[in-house]
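Spelled out from the first residue to the last, the chains are:
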Amino acid sequence: MKKIIVTTILLASSLVYGFQSIEELKVNMGAAKTPDEKGQLATSISYSYSKVMPDSGIVYGERALLWAEEAQNTFEAARANSAIGINYMSKAVYPLALEFQTKALKQFMDMDSLKHAAGTESNISLIFMKKANYKLAMKHAINALKGYEKLGIKHRQGVVLENIGTLFFRQGEFEKTKEYYDRALKLYIQESDSAGIARNRGNIGMMLSKMGQYAESSEAQFEALSINRRMRNQQSVAINLANIGMVESRRGNYEKALVYYDSAQVMNIALGAEFNVITTQGNIGGIYMEMSKWPDGKYDAVTLNKGISALEKSIEKCLELSIGDPAINFYKDLGEAYALKGDYEKALEIFKAREILKDSIHSASNKISLESMATAHDLTMINRDLQLKERELKIKDLELNESQQRVVLFVMGFIILVLMGLVSIFLLRKARLRNKKLKEINELYAGRIEEQLASLKKHATVLDEITYMQAHHVREPVATILGMVEHFNLKDPHDPMNIFIIENLSKVAGKLDVAVREVINKKEEV
């Protein structure tokens, strides 16, 4: 059974320590004398509440915004807007979260506050990730990473690198996922960041689960759970419990999985973590669907209906909040549930809706765009390193020239004018030959690079065309065939549905053949 992965991309929080900190902040806010001081403390309270009680966080964020505007403090107004946005993100109200984060980003950028602008870019990236808009999520993540790299803030670089890894994880690119998770973990270890290490281990655990390595996945999840419990990081504890439930469900241990999911759901509701509430509810519905199946092909109606109810509620909420990825998986379980009941028409309708949603999120063009943006950033960093090395070589070259000049001056003091002139001419000729040779080498490499870039651009253009053809010409008949295959009754070859499928399969295959030939012809242009 395939399930949505609830990845730990949120910042760590502490329910117990959080409330202690909030109470202290409230006392300080009550003692504050100026609107400026009150606003700063109210913003801090809002940030703290985002981890445990986002509704209260919004109230304090709005108070902070009013005080900041009264004090004409643009920086604190930007912080307040960001805090309100984070609380709306915790509630899974993504349009409002994006609205306030966008306001904050503009304010920070107008003030040239690179650190806070990078943080806001990272928050916006998370919002688009939740909405399954991976292109925009990658764009803002790259912007955030550039800012943190420029400032040298390693911890925050690690967070963004891990989020980029999660973007690749959502696309099923596990090699890229591991690359970015490993880069993030290296920075967390350098910074002794326990919360980051725990989050990273949890994410790696989900990647391993997706790859079928359940024992290693379970080990990583329990390691993350232990660290988060020790830190009293309740939001991450809830996520770890849900992820452990995921691993157990994939192993077929449905009763055990329900125990972990139920524990996680109690915490999700208490924390006001709407996104996690929705995904956990859908995962529980999928488990009920699996538990309803009997060996003889029949099913337990009560258990199946519980699963259908939970799945339908989760899908409705996902579509309402524009949360794409969970809905894809819940559609699959819901379609299987209706097929199990014998309502094949309803099942087919659901599977079609799933394929449409899946194509809009996980298309080949999306994957290429994500890899292109990440590669472009990596190439920029490599180019920057090359420029630094080139500068070092120029400095060494200058130092070498100065050394040669000192030698010439020393020789000139001990030899006659004629010999001094000959030596000087020799050295100058040698330097000119060397410089000429270096110039020729540089021009040679520059020419090769230009040729390679031209070739890459040509390949990229053809690949874009092929990607478009695959997404628009090939995918339609493939989706139709997949829908037909899923409803082909292998147990009863005389099923009327089978006759309908066979009659239409040839037409669809013909369309697919034409589309594939177009792709093959286009491929010959590469």
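Just so we're clear, the structure is a prediction, and the values are computed from it rather than from any experiment.

Conventions we followed
- Residues numbered from 1 in each chain as written.
- Predicted model: local features only at pLDDT ≥ 70, side-chain atom pairs only at ≥ 80, totals over all residues.
- Heavy atoms only, no water.
- Helix = DSSP H or I, 4+ residues; strand = E, 2+ residues; numbered from the N terminus.
- Buried < 20%, exposed > 50% of the residue type's maximum accessible area, 1.4 Å probe, protein only.
- Contact = heavy atoms within 4.5 Å.
- Areas by Shrake-Rupley, 256 points an atom, 1.4 Å probe, with all protein chains shown as cover.
- Core = buried A, V, L, I, M, F, W, Y, C linked by side-chain atoms within 4.5 Å.
- Polar contact = N/O pair within 3.5 Å; in protein donor to acceptor, adjacent residues only side chain to side chain.
- Axes fitted to C-alpha atoms, helices over the stretch in contact; angles between N-to-C directions.
- Parallel < 35°, antiparallel > 145°, perpendicular 65-115°, else oblique.
- Left-handed = near helix turned anticlockwise from the far one by under 90°.
- Nonpolar A, V, L, I, M, F, W, Y, C, P; charged D, E, K, R; others polar.
- Expected span 1.5 Å × (residues − 1).
- Arc of directions from axis to C-beta.
- pLDDT = per-residue confidence, 0-100.
- Phe/Tyr/Trp six-rings, centres within 6.5 Å; stacked < 30°, edge-to-face > 60°.
- Lys NZ or Arg CZ within 6 Å of the ring centre and 35° of its normal.
- Salt bridge = Lys/Arg side-chain N within 4 Å of Asp/Glu carboxyl O.
- Patch = residues over 30% accessible without salt bridge, like charges linked within 9 Å, V, L, I, M, F, W, Y side chains within 5 Å.

Chemist: Which parts of the structure should I look at to understand the overall build of the chain?
Modeler: Check the secondary structure of the chain and you find 20 helices and 0 strands. By the burial criterion, 45% of the 526 residues in the chain qualify as buried. Intrachain contacts of the chain at a sequence separation of at least 6 include 65% that bridge at least 24 residues. Total accessible area on the chain is roughly 27,400 Å²; 58% of this is exposed by carbon and sulfur atoms.

Chemist: Help me understand the nonpolar core in this model?
Modeler: Soluble globular proteins: nonpolar side chains tend toward being buried together. Counting residues in hydrophobic clusters, the biggest one holds 75 residues, and the most contacted among them are Ile 45, Tyr 94, Val 160, Ile 164, Ile 323 and Leu 334. Apart from the residues within four sequence positions on either side, Tyr 94 is in contact with Met 89, Ile 127, Lys 130, Lys 131, Phe 275, Leu 321 and Ile 323. Counting 22 residues, the second-largest nonpolar core is a separate cluster that includes Tyr 181, Val 237, Leu 258 and Ile 287.

Chemist: Explain the side chain of Ser 82 here, please?
Modeler: Position of Ser 82 among the secondary structure elements: in helix α4 (residues 74-90). Within polar-contact distance, the side chain of Ser 82 engages the side chain of Tyr 47 at 3.3 Å. In contact with Ser 82, not counting residues within four places along its chain, are Tyr 47, Phe 100, Gln 101, Ala 104 and Asn 123.

Chemist: I'm lost on the packing of helix α9 (residues 174-190) against helix α10 (residues 194-210) in this one. Help?
Modeler: For any two helices packed against each other, one specifies the crossing angle of their axes together with the interaxial distance. At their nearest, the axes of α9 and α10 sit 10 Å apart, and the two run at 160° to each other. Taken together, the axes of α9 and α10 lie roughly antiparallel to each other. For the element pair α9 and α10, the recorded crossing hand is left-handed. Along the contact surface, α9 presents Phe 174, Thr 177, Lys 178, Tyr 181, Ala 184, Leu 185, Tyr 188 and Ile 189, while α10 presents Gly 196, Ile 197, Arg 199, Asn 200, Asn 203, Ile 204, Met 207 and Lys 210. Residues of the contact of α9 with α10, tallied by class, amount to 9 nonpolar, 4 polar and 3 charged.

Chemist: I'm lost on α9 in this one. Help?
Modeler: Side chains of residues three or four places apart in an α-helix project in the same direction, reflecting 3.6 residues per turn. With 17 residues, α9 extends 24 Å between its outermost C-alpha atoms, agreeing within 8% with the 24 Å of an ideal straight helix rising 1.5 Å per residue. Lys 176, Thr 177, Tyr 180, Tyr 181, Ala 184, Leu 185, Leu 187 and Tyr 188 are the residues of α9 that are buried. Here the buried residues of α9 occupy an arc of 165° about the axis, which is enough to place them on one side. Projecting away from the buried face of α9 at angles above 90 degrees are the exposed residues Glu 175, Lys 186 and Ile 189. Following α9 by one or two positions, Ser 192 has its phi on the positive side, about 55°.

Chemist: I'm lost on the confidence of the model for the chain in this one. Help?
Modeler: When pLDDT is averaged along the chain, the result is 83, and 87% of the positions lie at 70 or above. Mean pLDDT across the elements of the chain bottoms out in helix α18 (residues 364-412) (63) and peaks in helix α5 (residues 94-110) (95). Low pLDDT (under 50) marks residues 1-20, which in the prediction has 81 contacts with non-local residues, meaning those over four places away or in another chain.

Chemist: Quick question: what am I supposed to make of the packing of aromatic side chains here?
Modeler: Aromatic rings in a pair are described by how distant their centres are and how their planes are angled relative to each other. Applying the stated criterion to the full structure yields 6 aromatic pairs. Judged by centre distance (5.8 Å) and plane angle (35°), the rings of Tyr 49 and Tyr 60 are tilted. Of this pair, Tyr 49 sits in helix α2 (residues 35-49) while Tyr 60 sits in helix α3 (residues 54-70), and the two are 11 residues apart along the sequence. Under the relative-accessibility criterion, Tyr 49 is labelled buried at 5%. Judged by centre distance (5.9 Å) and plane angle (20°), the ring pair of Tyr 88 and Phe 100 falls under stacked. Highlighted residues: Tyr 88 in helix α4 and Phe 100 in helix α5, separated in sequence by 12 residues. Each member of the pair Tyr 88 and Phe 100 is classed as buried. In this structure, Arg 63 packs its charged tip against the face of Tyr 60, placed 4.7 Å from the ring centre.

Chemist: Explain the pattern of salt bridges here, please?
Modeler: Where charged atoms from two side chains of opposite charge approach closely, those side chains can pair. Considering all chains together, one arrives at 16 salt bridges under this definition. Between Glu 162 and Arg 199 there is a salt bridge, with its nearest N and O atoms 3.7 Å apart. Of the two residues, Glu 162 is situated in helix α8 (residues 154-170) and Arg 199 in helix α10; the sequence distance between them amounts to 37 residues. With respect to class, Glu 162 is no different from Arg 199; both count as buried. Taking the shortest distance from any N to any O, the salt bridge between Lys 293 and Glu 290 comes out at 3.4 Å.

Chemist: Explain the packing of helix α13 (residues 254-271) against helix α14 (residues 274-291) to me, please; I cannot follow it from the model alone.
Modeler: Where α13 contacts α14, the axes come no closer than 10 Å and their chain directions differ by 160°. Put simply, α13 runs roughly antiparallel to α14. Handedness of the α13/α14 crossing: left-handed. Contacts between α13 and α14 involve Tyr 254, Glu 255, Ala 257, Leu 258, Tyr 261, Asp 262, Gln 265, Asn 268 and Ile 269 on the former and, on the latter, Asn 276, Val 277, Thr 280, Gln 281, Asn 283, Ile 284, Ile 287, Tyr 288, Glu 290 and Met 291.

Chemist: Would you mind showing me how to read the side chain of Asn 268 here?
Modeler: Its location among the elements puts Asn 268 in helix α13. Taking relative accessible area as the criterion, Asn 268 reaches 1% and is therefore assigned buried. Here Thr 280 takes part through its side chain, which lies 3.3 Å from a polar atom of the side chain of Asn 268.

Chemist: Could you clarify how one ought to interpret unusual backbone geometry in this entry?
Modeler: What you tend to see is this: most non-glycine residues have negative phi, and most peptide bonds are trans. In this structure, Ala 132 is a non-glycine residue whose phi angle is positive, near 65°. Locating Ala 132 in the fold gives a position in the loop between α6 (114-130) and α7 (134-151). In this structure Ala 132 comes out as buried when scored by relative accessible area, which is 10%. Of note in the backbone geometry, Ser 192 takes a positive phi value of approximately 55° without being a glycine. Considering the arrangement of structural elements, one finds Ser 192 in the loop between α9 and α10.

Chemist: What is the right way to look at the environment of Met 207 in this model?
Modeler: Its location among the elements puts Met 207 in helix α10. Here the alpha-carbon distance between Met 207 and Phe 174, two residues 33 residues apart in the chain, equals 7.1 Å. Not counting residues within four places of it along the chain, the set of residues in contact with Met 207 comprises Phe 169, Phe 174, Thr 177 and Lys 178.

Chemist: Teacher, can you tell me more about a nonpolar patch on the surface here?
Modeler: On the surface, Leu 438, Ile 441, Tyr 445, Ile 449, Leu 453 and Leu 456 cluster together to form a nonpolar patch covering roughly 570 Å² of accessible area. Here Leu 453 shows up in helix α19 (residues 417-486).

Chemist: In this structure, what is going on with the environment of Asn 329? I would like to understand it.
Modeler: On the secondary structure map, Asn 329 appears in helix α16 (residues 324-341). Taking the C-alpha atoms as reference points, Asn 329 and Ile 315, 14 residues apart in sequence, are found 9.4 Å from one another.

Chemist: Just checking my understanding: could you explain α2 for this structure?
Modeler: With 15 residues, α2 should cover 21 Å at 1.5 Å per step; its first-to-last C-alpha distance of 21 Å lies within 8% of that length. Taken as a whole, α2 has its buried residues at Gly 39, Leu 41, Ala 42, Thr 43, Ile 45, Ser 46, Ser 48 and Tyr 49.

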